[in-house]
Amino acid sequence: MRLTPRSAATAVLSLGVIWLIWSSTGQLGPKLHVPALLKTPYLSNQYGSSDEIKDAFQHAWNGYSRYCFGQDTLHPVSNTCDNDFGGWGVTAIDALSTAIIMENENVVGQILNFIATLDWTIVKGGTSVQFFEVTIRHFGGMISAYDLLNGPFAHIAKDDALRQSLFDQMVNLGDVLVCAFKTPSGVPRNWVNPLACETDNGRTNTVAGAGSLILEFQRLSDITGNTNYGDLAKKAQSYLLNPEPKKREPYPGLLTSFINIGDGRMAAGKGGWGSLSDSFYEYLLKAYVYDSIEFAPYLERWKLAAESTIQYIASHPYGHPEWTLLPQWDNILLGNTMDSLTWFTGGNFILGGMVTRNQTLIDFGLSIADTGGALYMSTPTRLGGEFVWWTNNCKASWGATECTPDTSVQFSTKTFILRPELLESWYYAYRATKDKKYRQWAWETFQGLNRVCKTSSGFAGISDVTAPDGGVKIDKQESFLYAEILKYLYLILNDDETAPYHVQDSRTGSLNGWVLNTEAHPLRVTGPHV
Ligand SMILES: *[C@@H]1O[C@H](CO)[C@@H](O)[C@H](O)[C@H]1NC(C)=O
(Lines give C-alpha, C1' and ligand atoms only; values in the text may rest on other atoms or scores of the structure.)
Protein backbone atom coordinates (compact mmCIF):
# COMPACT_ATOMS: atom_id res chain seq x y z
CA MET A 1 0.00 0.00 0.00
CA ARG A 2 1.14 3.48 -0.60
CA LEU A 3 -0.99 6.39 0.40
CA THR A 4 0.04 9.94 1.01
CA PRO A 5 -2.70 11.78 2.92
CA ARG A 6 -3.96 13.41 -0.24
CA SER A 7 -3.99 10.31 -2.39
CA ALA A 8 -5.55 8.34 0.46
CA ALA A 9 -8.47 10.70 0.58
CA THR A 10 -8.83 10.66 -3.21
CA ALA A 11 -8.60 6.90 -3.43
CA VAL A 12 -11.15 6.32 -0.70
CA LEU A 13 -13.41 8.94 -2.19
CA SER A 14 -13.33 7.59 -5.73
CA LEU A 15 -13.74 4.01 -4.55
CA GLY A 16 -16.65 5.18 -2.44
CA VAL A 17 -18.29 6.98 -5.34
CA ILE A 18 -17.90 4.06 -7.70
CA TRP A 19 -19.18 1.73 -5.04
CA LEU A 20 -22.16 3.95 -4.40
CA ILE A 21 -23.10 4.05 -8.07
CA TRP A 22 -22.64 0.35 -8.39
CA SER A 23 -24.47 -0.67 -5.27
CA SER A 24 -27.35 1.78 -5.49
CA THR A 25 -28.29 1.22 -9.12
CA GLY A 26 -26.75 -2.09 -10.01
CA GLN A 27 -25.47 -0.20 -13.03
CA LEU A 28 -22.10 1.05 -13.88
CA GLY A 29 -21.88 4.67 -13.72
CA PRO A 30 -21.66 7.87 -15.67
CA LYS A 31 -21.27 7.74 -19.44
CA LEU A 32 -17.70 7.51 -20.54
CA HIS A 33 -16.14 7.83 -23.94
CA VAL A 34 -13.19 5.52 -24.10
CA PRO A 35 -11.74 3.90 -27.16
CA ALA A 36 -12.57 0.25 -27.57
CA LEU A 37 -9.89 -2.12 -26.44
CA LEU A 38 -7.91 -3.66 -29.20
CA LYS A 39 -8.78 -7.30 -29.68
CA THR A 40 -5.15 -8.29 -29.76
CA PRO A 41 -2.68 -6.61 -27.44
CA TYR A 42 -0.21 -4.53 -29.41
CA LEU A 43 3.20 -6.16 -29.66
CA SER A 44 6.38 -4.69 -30.97
CA ASN A 45 8.90 -7.17 -32.22
CA GLN A 46 11.76 -5.89 -30.21
CA TYR A 47 12.91 -4.45 -26.96
CA GLY A 48 16.00 -2.51 -26.03
CA SER A 49 18.74 -3.06 -23.51
CA SER A 50 18.71 -2.58 -19.76
CA ASP A 51 21.46 0.03 -20.29
CA GLU A 52 18.77 2.40 -21.50
CA ILE A 53 17.02 2.04 -18.13
CA LYS A 54 20.30 3.00 -16.45
CA ASP A 55 20.34 6.15 -18.60
CA ALA A 56 16.77 6.97 -17.57
CA PHE A 57 17.73 6.50 -13.93
CA GLN A 58 20.67 8.85 -14.37
CA HIS A 59 18.41 11.42 -16.06
CA ALA A 60 15.92 11.31 -13.19
CA TRP A 61 18.70 11.37 -10.61
CA ASN A 62 20.32 14.43 -12.22
CA GLY A 63 17.03 16.34 -12.02
CA TYR A 64 16.38 15.47 -8.39
CA SER A 65 19.97 16.06 -7.47
CA ARG A 66 20.10 19.42 -9.21
CA TYR A 67 16.83 20.87 -7.88
CA CYS A 68 15.94 19.02 -4.68
CA PHE A 69 18.87 17.05 -3.34
CA GLY A 70 18.21 16.15 0.31
CA GLN A 71 14.54 17.10 0.13
CA ASP A 72 11.79 14.55 -0.28
CA THR A 73 10.11 14.94 -3.63
CA LEU A 74 10.77 16.67 -6.96
CA HIS A 75 7.95 18.31 -8.90
CA PRO A 76 9.31 17.45 -12.33
CA VAL A 77 7.36 20.04 -14.31
CA SER A 78 7.92 23.15 -12.17
CA ASN A 79 11.28 21.91 -10.82
CA THR A 80 10.23 22.73 -7.27
CA CYS A 81 10.50 20.52 -4.18
CA ASP A 82 8.35 19.14 -1.39
CA ASN A 83 9.13 17.72 2.02
CA ASP A 84 6.11 15.43 2.22
CA PHE A 85 7.78 12.60 4.16
CA GLY A 86 9.39 14.52 7.01
CA GLY A 87 12.22 15.99 4.97
CA TRP A 88 14.56 13.00 5.19
CA GLY A 89 15.26 12.88 1.48
CA VAL A 90 12.94 10.00 0.67
CA THR A 91 13.80 10.14 -3.03
CA ALA A 92 17.51 9.71 -2.33
CA ILE A 93 17.04 6.84 0.10
CA ASP A 94 14.40 5.10 -2.03
CA ALA A 95 16.76 5.32 -5.03
CA LEU A 96 19.67 3.69 -3.20
CA SER A 97 19.03 -0.02 -3.80
CA THR A 98 18.35 0.65 -7.49
CA ALA A 99 21.59 2.64 -7.80
CA ILE A 100 23.45 -0.27 -6.17
CA ILE A 101 21.97 -2.90 -8.47
CA MET A 102 22.77 -0.69 -11.48
CA GLU A 103 26.30 -0.37 -10.05
CA ASN A 104 26.11 3.41 -10.20
CA GLU A 105 28.98 4.04 -7.80
CA ASN A 106 28.80 7.79 -8.02
CA VAL A 107 25.17 8.03 -7.02
CA VAL A 108 25.57 5.39 -4.32
CA GLY A 109 28.39 7.47 -2.80
CA GLN A 110 26.28 10.64 -2.84
CA ILE A 111 23.37 8.91 -1.12
CA LEU A 112 25.51 7.22 1.54
CA ASN A 113 27.15 10.54 2.36
CA PHE A 114 23.72 12.12 2.66
CA ILE A 115 22.36 9.37 4.95
CA ALA A 116 25.26 9.94 7.33
CA THR A 117 24.03 13.53 7.91
CA LEU A 118 20.42 12.71 8.85
CA ASP A 119 18.85 13.25 12.27
CA TRP A 120 15.68 11.14 12.55
CA THR A 121 14.25 13.23 15.39
CA ILE A 122 13.96 16.35 13.24
CA VAL A 123 10.82 16.39 11.10
CA LYS A 124 10.57 19.15 8.50
CA GLY A 125 7.17 20.73 7.87
CA GLY A 126 5.47 19.16 10.91
CA THR A 127 6.12 16.92 13.90
CA SER A 128 5.10 13.47 12.65
CA VAL A 129 5.88 11.05 9.84
CA GLN A 130 3.86 8.24 8.31
CA PHE A 131 5.08 5.08 9.98
CA PHE A 132 4.14 2.73 7.15
CA GLU A 133 5.66 4.80 4.36
CA VAL A 134 8.90 5.41 6.27
CA THR A 135 9.11 1.69 7.04
CA ILE A 136 8.83 0.52 3.46
CA ARG A 137 10.78 3.38 1.82
CA HIS A 138 13.54 4.70 4.14
CA PHE A 139 13.90 1.77 6.52
CA GLY A 140 13.49 -0.96 3.87
CA GLY A 141 15.76 0.99 1.53
CA MET A 142 18.61 1.22 4.03
CA ILE A 143 18.32 -2.39 5.19
CA SER A 144 18.40 -3.49 1.56
CA ALA A 145 21.47 -1.34 0.90
CA TYR A 146 23.13 -2.89 3.94
CA ASP A 147 22.40 -6.40 2.63
CA LEU A 148 23.48 -5.63 -0.94
CA LEU A 149 26.67 -3.82 0.06
CA ASN A 150 27.61 -6.59 2.47
CA GLY A 151 26.89 -9.18 -0.19
CA PRO A 152 27.00 -9.17 -3.98
CA PHE A 153 27.85 -5.44 -4.26
CA ALA A 154 30.64 -5.18 -1.69
CA HIS A 155 32.78 -3.60 -4.42
CA ILE A 156 30.45 -0.60 -4.84
CA ALA A 157 31.09 1.15 -1.52
CA LYS A 158 34.58 0.66 -0.17
CA ASP A 159 34.61 3.45 2.42
CA ASP A 160 34.31 1.72 5.80
CA ALA A 161 33.16 4.87 7.61
CA LEU A 162 30.25 5.29 5.17
CA ARG A 163 29.26 1.63 5.52
CA GLN A 164 29.34 1.99 9.30
CA SER A 165 27.14 5.08 9.22
CA LEU A 166 24.62 3.30 7.00
CA PHE A 167 24.42 0.57 9.63
CA ASP A 168 24.15 3.07 12.49
CA GLN A 169 21.46 5.11 10.75
CA MET A 170 19.43 2.03 9.91
CA VAL A 171 19.44 1.02 13.59
CA ASN A 172 18.74 4.60 14.71
CA LEU A 173 15.71 4.74 12.42
CA GLY A 174 14.51 1.35 13.73
CA ASP A 175 14.71 2.74 17.27
CA VAL A 176 12.60 5.72 16.26
CA LEU A 177 10.03 3.65 14.39
CA VAL A 178 9.32 1.33 17.32
CA CYS A 179 7.55 4.30 18.96
CA ALA A 180 4.59 3.58 16.63
CA PHE A 181 3.88 0.34 18.51
CA LYS A 182 3.27 2.12 21.84
CA THR A 183 -0.50 1.52 21.77
CA PRO A 184 -2.90 -0.47 24.00
CA SER A 185 -2.94 -3.48 21.65
CA GLY A 186 0.50 -3.23 20.10
CA VAL A 187 -1.12 -2.54 16.73
CA PRO A 188 0.86 0.47 15.47
CA ARG A 189 -0.69 3.80 14.65
CA ASN A 190 0.25 5.37 11.36
CA TRP A 191 1.55 8.78 12.46
CA VAL A 192 4.52 8.85 14.78
CA ASN A 193 6.33 11.78 16.36
CA PRO A 194 9.96 10.66 16.57
CA LEU A 195 11.12 13.38 18.96
CA ALA A 196 8.46 12.73 21.60
CA CYS A 197 8.26 9.02 20.72
CA GLU A 198 4.48 9.29 20.54
CA THR A 199 1.76 8.26 18.12
CA ASP A 200 -1.30 10.19 17.03
CA ASN A 201 -4.70 9.29 18.54
CA GLY A 202 -6.13 7.38 15.59
CA ARG A 203 -8.69 4.70 16.49
CA THR A 204 -7.87 2.41 13.59
CA ASN A 205 -5.08 1.55 11.23
CA THR A 206 -5.31 -0.11 7.84
CA VAL A 207 -4.66 -3.80 7.43
CA ALA A 208 -1.67 -2.96 5.24
CA GLY A 209 -0.41 -0.39 7.75
CA ALA A 210 -0.48 -2.92 10.59
CA GLY A 211 0.36 -6.04 8.64
CA SER A 212 3.24 -5.32 6.29
CA LEU A 213 6.10 -4.60 8.64
CA ILE A 214 7.40 -8.06 9.26
CA LEU A 215 10.10 -8.17 6.57
CA GLU A 216 11.76 -4.93 7.61
CA PHE A 217 11.53 -5.33 11.41
CA GLN A 218 12.43 -9.02 11.44
CA ARG A 219 15.38 -8.33 9.13
CA LEU A 220 16.73 -5.69 11.53
CA SER A 221 16.38 -8.18 14.39
CA ASP A 222 18.23 -10.83 12.42
CA ILE A 223 21.03 -8.42 11.48
CA THR A 224 21.47 -6.95 14.97
CA GLY A 225 20.55 -9.93 17.18
CA ASN A 226 18.05 -7.70 19.03
CA THR A 227 14.75 -9.60 18.85
CA ASN A 228 12.65 -6.63 19.95
CA TYR A 229 11.99 -5.20 16.46
CA GLY A 230 10.68 -8.45 15.00
CA ASP A 231 8.67 -9.23 18.15
CA LEU A 232 6.78 -5.94 17.87
CA ALA A 233 5.87 -6.57 14.23
CA LYS A 234 4.81 -10.16 15.02
CA LYS A 235 2.59 -9.02 17.88
CA ALA A 236 0.80 -6.57 15.55
CA GLN A 237 0.51 -9.28 12.90
CA SER A 238 -0.94 -11.80 15.38
CA TYR A 239 -4.32 -10.06 15.32
CA LEU A 240 -4.49 -10.35 11.55
CA LEU A 241 -3.55 -14.02 11.55
CA ASN A 242 -6.47 -14.81 13.88
CA PRO A 243 -8.95 -12.07 13.05
CA GLU A 244 -11.81 -11.39 15.45
CA PRO A 245 -14.75 -11.21 15.24
CA LYS A 246 -15.06 -14.01 12.69
CA LYS A 247 -17.64 -12.17 10.61
CA ARG A 248 -14.87 -9.77 9.52
CA GLU A 249 -13.39 -12.62 7.50
CA PRO A 250 -16.20 -13.01 4.93
CA TYR A 251 -14.21 -15.53 2.89
CA PRO A 252 -11.50 -17.72 4.43
CA GLY A 253 -8.31 -15.64 4.65
CA LEU A 254 -9.91 -12.47 3.24
CA LEU A 255 -10.54 -9.64 5.69
CA THR A 256 -12.07 -6.20 6.02
CA SER A 257 -9.67 -3.25 5.68
CA PHE A 258 -9.30 -1.65 9.12
CA ILE A 259 -8.16 -2.87 12.54
CA ASN A 260 -8.94 -1.24 15.90
CA ILE A 261 -5.93 0.10 17.76
CA GLY A 262 -7.59 -0.40 21.17
CA ASP A 263 -8.10 -4.14 21.10
CA GLY A 264 -6.83 -5.41 17.74
CA ARG A 265 -10.31 -6.41 16.58
CA MET A 266 -11.26 -5.94 12.96
CA ALA A 267 -13.55 -3.06 12.03
CA ALA A 268 -16.55 -3.44 9.71
CA GLY A 269 -16.28 -2.48 6.07
CA LYS A 270 -15.17 -3.54 2.65
CA GLY A 271 -12.09 -5.52 1.78
CA GLY A 272 -9.92 -5.99 -1.26
CA TRP A 273 -6.49 -6.75 -2.63
CA GLY A 274 -5.84 -3.10 -3.51
CA SER A 275 -5.16 0.01 -1.43
CA LEU A 276 -5.59 -0.36 2.36
CA SER A 277 -4.82 -4.11 2.41
CA ASP A 278 -2.51 -5.01 -0.50
CA SER A 279 0.87 -5.53 1.13
CA PHE A 280 -0.64 -7.43 4.08
CA TYR A 281 -1.46 -10.31 1.71
CA GLU A 282 1.82 -9.75 -0.12
CA TYR A 283 3.86 -10.08 3.09
CA LEU A 284 2.09 -13.24 4.29
CA LEU A 285 3.81 -14.96 1.39
CA LYS A 286 7.04 -12.97 1.44
CA ALA A 287 7.57 -13.53 5.18
CA TYR A 288 7.57 -17.23 4.36
CA VAL A 289 10.10 -16.69 1.57
CA TYR A 290 12.21 -14.70 4.06
CA ASP A 291 12.16 -17.36 6.79
CA SER A 292 10.41 -20.49 5.67
CA ILE A 293 10.57 -22.12 9.10
CA GLU A 294 9.49 -19.33 11.40
CA PHE A 295 6.83 -17.98 9.03
CA ALA A 296 5.36 -21.26 7.79
CA PRO A 297 2.03 -20.36 9.48
CA TYR A 298 1.95 -17.11 7.48
CA LEU A 299 2.10 -19.16 4.27
CA GLU A 300 -0.95 -21.14 5.40
CA ARG A 301 -2.91 -17.91 5.78
CA TRP A 302 -1.71 -16.74 2.36
CA LYS A 303 -2.80 -20.02 0.76
CA LEU A 304 -6.22 -19.65 2.31
CA ALA A 305 -6.55 -16.12 0.90
CA ALA A 306 -5.29 -17.29 -2.50
CA GLU A 307 -7.70 -20.22 -2.62
CA SER A 308 -10.67 -17.99 -1.68
CA THR A 309 -9.65 -15.43 -4.27
CA ILE A 310 -9.58 -18.01 -7.05
CA GLN A 311 -12.80 -19.62 -5.91
CA TYR A 312 -14.98 -16.65 -4.94
CA ILE A 313 -13.43 -13.32 -5.99
CA ALA A 314 -11.89 -13.73 -9.45
CA SER A 315 -13.97 -12.00 -12.09
CA HIS A 316 -13.92 -12.17 -15.88
CA PRO A 317 -15.18 -9.30 -18.02
CA TYR A 318 -17.85 -10.06 -20.61
CA GLY A 319 -16.36 -11.80 -23.64
CA HIS A 320 -13.00 -12.46 -21.97
CA PRO A 321 -13.10 -15.62 -19.87
CA GLU A 322 -9.28 -15.65 -20.10
CA TRP A 323 -8.89 -12.28 -18.35
CA THR A 324 -8.91 -12.00 -14.57
CA LEU A 325 -9.73 -8.95 -12.48
CA LEU A 326 -10.18 -8.81 -8.71
CA PRO A 327 -13.28 -7.03 -7.40
CA GLN A 328 -13.57 -5.67 -3.90
CA TRP A 329 -15.78 -7.43 -1.40
CA ASP A 330 -18.36 -5.95 0.97
CA ASN A 331 -19.12 -8.87 3.20
CA ILE A 332 -19.80 -11.48 0.49
CA LEU A 333 -21.02 -9.00 -2.12
CA LEU A 334 -18.59 -8.13 -4.94
CA GLY A 335 -18.13 -4.74 -6.64
CA ASN A 336 -16.49 -4.66 -10.07
CA THR A 337 -13.95 -1.92 -9.53
CA MET A 338 -10.20 -2.29 -9.11
CA ASP A 339 -7.44 0.22 -8.38
CA SER A 340 -4.07 0.08 -10.09
CA LEU A 341 -2.30 -1.06 -6.91
CA THR A 342 -4.15 -4.37 -7.28
CA TRP A 343 -2.07 -5.28 -10.35
CA PHE A 344 0.68 -6.45 -7.97
CA THR A 345 -1.42 -9.56 -7.34
CA GLY A 346 -0.29 -11.10 -10.63
CA GLY A 347 3.28 -11.23 -9.36
CA ASN A 348 2.25 -12.28 -5.87
CA PHE A 349 0.31 -15.32 -7.11
CA ILE A 350 3.13 -16.23 -9.50
CA LEU A 351 5.70 -16.06 -6.69
CA GLY A 352 3.41 -18.13 -4.46
CA GLY A 353 2.99 -20.69 -7.22
CA MET A 354 6.73 -20.92 -7.82
CA VAL A 355 7.71 -21.37 -4.18
CA THR A 356 4.93 -23.90 -3.49
CA ARG A 357 5.36 -25.47 -6.95
CA ASN A 358 1.71 -25.05 -7.79
CA GLN A 359 0.92 -24.36 -11.46
CA THR A 360 -2.69 -23.39 -10.70
CA LEU A 361 -1.46 -20.40 -8.71
CA ILE A 362 1.08 -19.45 -11.39
CA ASP A 363 -1.53 -19.60 -14.15
CA PHE A 364 -3.91 -17.51 -12.10
CA GLY A 365 -1.21 -14.85 -11.56
CA LEU A 366 -0.32 -14.90 -15.26
CA SER A 367 -3.93 -14.30 -16.22
CA ILE A 368 -3.90 -11.13 -14.09
CA ALA A 369 -0.56 -9.99 -15.53
CA ASP A 370 -1.85 -10.64 -19.06
CA THR A 371 -5.10 -8.79 -18.46
CA GLY A 372 -3.05 -5.78 -17.42
CA GLY A 373 -0.91 -6.24 -20.52
CA ALA A 374 -3.94 -6.21 -22.79
CA LEU A 375 -5.29 -3.08 -21.10
CA TYR A 376 -2.00 -1.12 -21.07
CA MET A 377 -1.16 -2.07 -24.65
CA SER A 378 -4.60 -0.95 -25.82
CA THR A 379 -3.83 2.71 -25.08
CA PRO A 380 -1.72 5.01 -27.26
CA THR A 381 0.46 5.83 -24.24
CA ARG A 382 0.97 2.13 -23.36
CA LEU A 383 0.12 3.16 -19.80
CA GLY A 384 -2.92 2.32 -17.72
CA GLY A 385 -5.33 4.42 -15.66
CA GLU A 386 -5.72 4.50 -11.90
CA PHE A 387 -9.01 2.54 -11.80
CA VAL A 388 -10.74 -0.01 -14.00
CA TRP A 389 -14.30 -1.21 -13.88
CA TRP A 390 -16.04 -3.88 -15.85
CA THR A 391 -19.22 -5.84 -16.44
CA ASN A 392 -19.41 -9.63 -16.45
CA ASN A 393 -22.62 -9.98 -18.38
CA CYS A 394 -23.60 -6.71 -20.12
CA LYS A 395 -26.96 -6.93 -18.38
CA ALA A 396 -26.96 -3.45 -16.91
CA SER A 397 -26.50 -0.48 -19.23
CA TRP A 398 -22.83 -0.05 -19.84
CA GLY A 399 -21.37 3.41 -20.41
CA ALA A 400 -21.91 5.27 -23.66
CA THR A 401 -20.80 2.39 -25.78
CA GLU A 402 -22.51 -0.75 -26.85
CA CYS A 403 -21.53 -3.53 -24.50
CA THR A 404 -19.16 -5.78 -26.40
CA PRO A 405 -16.06 -7.75 -25.51
CA ASP A 406 -14.10 -4.65 -26.57
CA THR A 407 -15.86 -2.33 -24.15
CA SER A 408 -16.73 -4.59 -21.23
CA VAL A 409 -13.73 -3.37 -19.24
CA GLN A 410 -12.70 0.29 -19.16
CA PHE A 411 -10.46 2.70 -17.33
CA SER A 412 -12.86 4.57 -15.06
CA THR A 413 -10.03 6.91 -13.98
CA LYS A 414 -7.57 7.69 -16.72
CA THR A 415 -4.74 9.30 -14.76
CA PHE A 416 -1.37 7.57 -14.53
CA ILE A 417 0.76 8.57 -11.54
CA LEU A 418 3.86 6.43 -12.08
CA ARG A 419 2.32 3.33 -10.55
CA PRO A 420 4.73 0.38 -10.80
CA GLU A 421 2.47 -2.54 -9.85
CA LEU A 422 1.86 -3.95 -13.31
CA LEU A 423 5.56 -3.82 -14.17
CA GLU A 424 6.14 -5.69 -10.93
CA SER A 425 3.81 -8.46 -12.08
CA TRP A 426 5.44 -8.63 -15.52
CA TYR A 427 8.79 -9.12 -13.79
CA TYR A 428 7.49 -12.19 -11.92
CA ALA A 429 5.70 -13.36 -15.07
CA TYR A 430 8.95 -13.14 -17.02
CA ARG A 431 10.87 -15.02 -14.30
CA ALA A 432 8.25 -17.77 -14.30
CA THR A 433 7.85 -18.18 -18.06
CA LYS A 434 10.78 -16.43 -19.81
CA ASP A 435 8.11 -15.40 -22.31
CA LYS A 436 9.56 -12.43 -24.21
CA LYS A 437 6.19 -10.75 -24.49
CA TYR A 438 6.72 -9.43 -20.96
CA ARG A 439 9.95 -7.78 -22.08
CA GLN A 440 8.17 -6.32 -25.10
CA TRP A 441 5.36 -4.96 -22.95
CA ALA A 442 7.85 -3.51 -20.46
CA TRP A 443 9.74 -1.89 -23.32
CA GLU A 444 6.55 -0.44 -24.81
CA THR A 445 5.69 0.99 -21.40
CA PHE A 446 9.18 2.46 -21.09
CA GLN A 447 8.81 4.09 -24.52
CA GLY A 448 5.45 5.45 -23.41
CA LEU A 449 7.03 6.92 -20.27
CA ASN A 450 9.70 8.56 -22.42
CA ARG A 451 7.12 9.90 -24.84
CA VAL A 452 4.50 11.36 -22.51
CA CYS A 453 5.88 11.48 -18.94
CA LYS A 454 9.49 12.58 -19.38
CA THR A 455 10.43 16.15 -18.48
CA SER A 456 13.74 18.00 -18.44
CA SER A 457 14.28 16.94 -14.82
CA GLY A 458 12.52 13.58 -14.46
CA PHE A 459 9.19 11.87 -15.07
CA ALA A 460 5.71 13.28 -14.37
CA GLY A 461 2.30 11.67 -14.11
CA ILE A 462 -0.28 12.26 -16.85
CA SER A 463 -4.00 13.04 -16.80
CA ASP A 464 -5.22 10.78 -19.62
CA VAL A 465 -3.67 7.48 -20.68
CA THR A 466 -6.07 7.29 -23.63
CA ALA A 467 -4.86 10.56 -25.21
CA PRO A 468 -1.89 10.15 -27.56
CA ASP A 469 0.03 12.91 -25.76
CA GLY A 470 -1.13 11.79 -22.32
CA GLY A 471 -3.20 14.94 -21.73
CA VAL A 472 -1.89 17.23 -19.02
CA LYS A 473 1.23 16.44 -17.01
CA ILE A 474 0.81 15.91 -13.25
CA ASP A 475 3.61 17.73 -11.45
CA LYS A 476 4.69 15.06 -9.00
CA GLN A 477 7.33 12.38 -9.07
CA GLU A 478 7.04 10.09 -6.09
CA SER A 479 10.14 8.25 -4.95
CA PHE A 480 8.81 4.91 -6.19
CA LEU A 481 9.78 5.98 -9.70
CA TYR A 482 13.38 5.20 -8.64
CA ALA A 483 12.67 2.35 -6.23
CA GLU A 484 10.17 0.46 -8.38
CA ILE A 485 9.42 1.66 -11.94
CA LEU A 486 13.06 1.91 -12.96
CA LYS A 487 14.13 -1.13 -10.94
CA TYR A 488 11.45 -3.44 -12.34
CA LEU A 489 12.13 -2.23 -15.89
CA TYR A 490 15.82 -2.91 -15.34
CA LEU A 491 15.23 -6.34 -13.81
CA ILE A 492 12.85 -7.40 -16.59
CA LEU A 493 15.43 -6.50 -19.24
CA ASN A 494 18.54 -7.59 -17.33
CA ASP A 495 20.01 -10.69 -18.90
CA ASP A 496 22.37 -11.56 -16.06
CA GLU A 497 20.95 -14.88 -14.96
CA THR A 498 23.66 -15.22 -12.31
CA ALA A 499 22.45 -12.09 -10.47
CA PRO A 500 21.59 -13.51 -7.05
CA TYR A 501 18.93 -10.92 -6.20
CA HIS A 502 16.73 -12.04 -9.13
CA VAL A 503 13.49 -13.81 -8.21
CA GLN A 504 14.15 -17.52 -8.66
CA ASP A 505 11.93 -20.24 -10.04
CA SER A 506 11.72 -22.94 -7.39
CA ARG A 507 10.22 -25.37 -9.91
CA THR A 508 13.60 -25.58 -11.61
CA GLY A 509 15.46 -26.03 -8.33
CA SER A 510 16.80 -22.46 -8.15
CA LEU A 511 15.73 -21.12 -4.78
CA ASN A 512 15.22 -17.57 -3.55
CA GLY A 513 18.09 -16.07 -1.58
CA TRP A 514 16.50 -12.60 -1.70
CA VAL A 515 12.99 -11.25 -1.34
CA LEU A 516 11.74 -7.82 -2.47
CA ASN A 517 9.90 -5.69 0.07
CA THR A 518 6.76 -3.92 -1.12
CA GLU A 519 8.87 -0.96 -2.31
CA ALA A 520 11.07 -3.39 -4.33
CA HIS A 521 14.03 -3.22 -1.97
CA PRO A 522 15.75 -6.66 -2.00
CA LEU A 523 16.36 -8.17 1.45
CA ARG A 524 18.59 -11.14 2.10
CA VAL A 525 16.64 -14.27 3.04
CA THR A 526 17.54 -15.77 6.40
CA GLY A 527 15.75 -19.14 6.55
CA PRO A 528 16.21 -22.21 4.34
CA HIS A 529 15.70 -21.01 0.76
CA VAL A 530 12.42 -21.88 -0.96
C1 LIG B 1 -2.72 -25.39 -5.81
O2 LIG B 1 -3.45 -24.22 -5.51
C3 LIG B 1 -4.85 -24.34 -5.69
C4 LIG B 1 -5.44 -22.96 -5.50
O5 LIG B 1 -5.26 -22.47 -4.20
C6 LIG B 1 -5.39 -25.37 -4.72
O7 LIG B 1 -6.76 -25.53 -4.89
C8 LIG B 1 -4.69 -26.70 -4.95
O9 LIG B 1 -5.09 -27.63 -3.98
C10 LIG B 1 -3.17 -26.51 -4.91
N11 LIG B 1 -2.52 -27.75 -5.32
C12 LIG B 1 -1.69 -28.41 -4.54
C13 LIG B 1 -1.09 -29.64 -5.12
O14 LIG B 1 -1.40 -28.03 -3.43
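As named in an unreviewed UniProt entry, the protein is alpha-1,2-Mannosidase, taken from Acrodontium crateriforme. Heading Cofactor (unreviewed entry) of the UniProt record for the protein holds this comment: "Ca(2+)". For the record of the protein, the UniProt heading Sequence similarities (unreviewed entry) holds the text "Belongs to the glycosyl hydrolase 47 family."

Within this structure's numbering, the places UniProt gives as "binding site: Ca(2+)" (unreviewed entry) are Thr-518. As for its placement among the helices and strands, Thr-518 is situated in the loop between strand S16 (514-516) and strand S17 (522-524). Among the residues examined, Thr-518 registers a relative accessible area of 8% and is labelled buried. Side-chain polar atoms of Thr-518 contact the side chain of Glu-282, separated by 2.8 Å.

A few words on the packing of helix H10 (residues 278-290) against helix H12 (residues 344-356). Put simply, H10 and H12 touch, their axes get as near as 11 Å, and they point 25° apart. Judged by the angle between their axes, H10 and H12 are roughly parallel. For the pair H10 and H12, the sense of crossing is left-handed. Along the contact surface, H10 presents Asp-278, Tyr-281, Glu-282, Leu-285, Lys-286, Tyr-288 and Val-289, while H12 presents Phe-344, Asn-348, Leu-351, Gly-352 and Val-355.

Every residue near the ligand is listed here: Glu-307, Ile-310, Asn-358 and Leu-361. The contact in question runs from an oxygen atom of the ligand to an N or O atom on the side chain of Glu-307, over 2.7 Å. Within the contact set of the ligand, an oxygen atom lies 2.4 Å away from a side-chain nitrogen or oxygen of Asn-358. Within the complex, the protein chains bury 44% of what would otherwise be the 360 Å² of accessible surface of the ligand.

Strands sit in the order S3-S4-S5 across an open sheet of three strands; the sheet is antiparallel. Since the sheet does not close on itself, it has two edges, and those belong to strand S3 (129-130) and strand S5 (198-199), each with one partner. With two bridges connecting them, strand S4 (residues 191-193) and S5 associate as antiparallel partners. The partner of Asn-193 across the bridge, within S5, is Glu-198.

The next subject is the sheet that holds strand S13 (residues 409-413). Spatial strand order, S11-S12-S13: three strands in an open sheet with antiparallel pairing. Among the strands making up the open sheet, the edge pair consists of strand S11 (337-339) and S13. Here the strands of the sheet are splayed against their neighbours by 30° on average, with no regard to which way each runs.

A word on the state of the cysteines. Taken as a whole and judged by the stated rule, the model has three disulfides. Here Cys-68 is linked by a disulfide to Cys-81, with a sulfur-sulfur distance of 2.1 Å. Between Cys-68 and Cys-81 the disulfide shows an S-S torsion of about -90°. By sign, it is left-handed. Within this pair, whereas Cys-68 is found in helix H2 (residues 50-68), its partner Cys-81 is found in strand S2 (residues 80-82), the two being separated by 13 residues in sequence.

The rules behind these values
Residues numbered from 1 in each chain as written. Predicted model: local features only at pLDDT ≥ 70, side-chain atom pairs only at ≥ 80, totals over all residues. Heavy atoms only, no water. UniProt positions renumbered as here; feature names shortened; annotations may be inferred. Helix = DSSP H or I, 4+ residues; strand = E, 2+ residues; numbered from the N terminus. Buried < 20%, exposed > 50% of the residue type's maximum accessible area, 1.4 Å probe, protein only. Polar contact = N/O pair within 3.5 Å; in protein donor to acceptor, adjacent residues only side chain to side chain. Axes fitted to C-alpha atoms, helices over the stretch in contact; angles between N-to-C directions. Parallel < 35°, antiparallel > 145°, perpendicular 65-115°, else oblique. Left-handed = near helix turned anticlockwise from the far one by under 90°. Contact = heavy atoms within 4.5 Å. Near = heavy atom within 4 Å. Areas by Shrake-Rupley, 256 points an atom, 1.4 Å probe, with all protein chains shown as cover. Pairing = 2+ DSSP bridges. Disulfide = S-S within 2.5 Å.

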